[in-house]
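# Report on the structure
What follows is the residue order along each chain.
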Amino acid sequence: MLKLYGFKKVNAVARGNTRDLRILWALEEIQIPFELVGMDHPANDLNTDPYRRISPFEQIPVIDDDGVVLAESAAI
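Let us look at the structure shown here. Everything numeric in this text was worked out from a predicted model, so none of it was measured. (Residues numbered from 1 in each chain as written. Predicted model: local features only at pLDDT ≥ 70, side-chain atom pairs only at ≥ 80, totals over all residues. Heavy atoms only, no water.)

Time to look at the overall build of the chain. When helices and strands are tallied, the chain shows 2 helices and 4 strands. Listed N to C, the secondary structure of the chain is β-α-β-α-β-β in terms of helices and strands. A buried classification covers 30% of the 76 residues belonging to the chain. Once local pairs closer than 6 in sequence are excluded, the contacts in the chain between residues at least 24 apart make up 58%. Only carbon and sulfur atoms are counted for the fraction: they give 53% of the accessible area of the chain, which is about 5100 Å². (Helix = DSSP H or I, 4+ residues; strand = E, 2+ residues; numbered from the N terminus. Buried < 20%, exposed > 50% of the residue type's maximum accessible area, 1.4 Å probe, protein only. Contact = heavy atoms within 4.5 Å. Areas by Shrake-Rupley, 256 points an atom, 1.4 Å probe, with all protein chains shown as cover.)

Working definition: two side chains of opposite charge can pair if their charged atoms are close together. Summed over all chains, the structure comprises 2 salt bridges. A salt bridge links R52 to D49; the nearest nitrogen and oxygen atoms lie 2.8 Å apart. With a gap of 3 residues between them, R52 and D49 both fall in helix α2 (residues 49-54), about one helical turn apart. Here E58 makes a salt bridge to R52, at a shortest N to O gap of 2.5 Å. You can call E58 partly exposed: its relative accessible area is 26%. A relative accessible area of 31% places R52 in the partly exposed class. Among the ionic contacts, a cluster of salt bridges with common partners joins D49, R52 and E58. (Salt bridge = Lys/Arg side-chain N within 4 Å of Asp/Glu carboxyl O.)

Attention shifts here to the side chain of D64. Relative to the helices and strands, D64 resides in strand β3 (residues 62-65). Separated by 2.8 Å, the side chain of D64 and the backbone nitrogen of G67 make a polar contact. (Polar contact = N/O pair within 3.5 Å; in protein donor to acceptor, adjacent residues only side chain to side chain.)

Right, here's the structure in full:
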């Protein structure tokens, strides 16, 4: 199943303005089943070695479709 790495928790300034929202919207509109992997930005979830392996610049969103990984919202 497609995995979408998106924000679970962000600071108040970023809330509602994150790039993962456009991907969530698109996946829901075209009815592709996906698993949302929530990343807690204030708790530094983006700065871990496992996450850096799929997103070297520690950014969100990222999708992983059975090993095919895209880490740029415009590309997704």
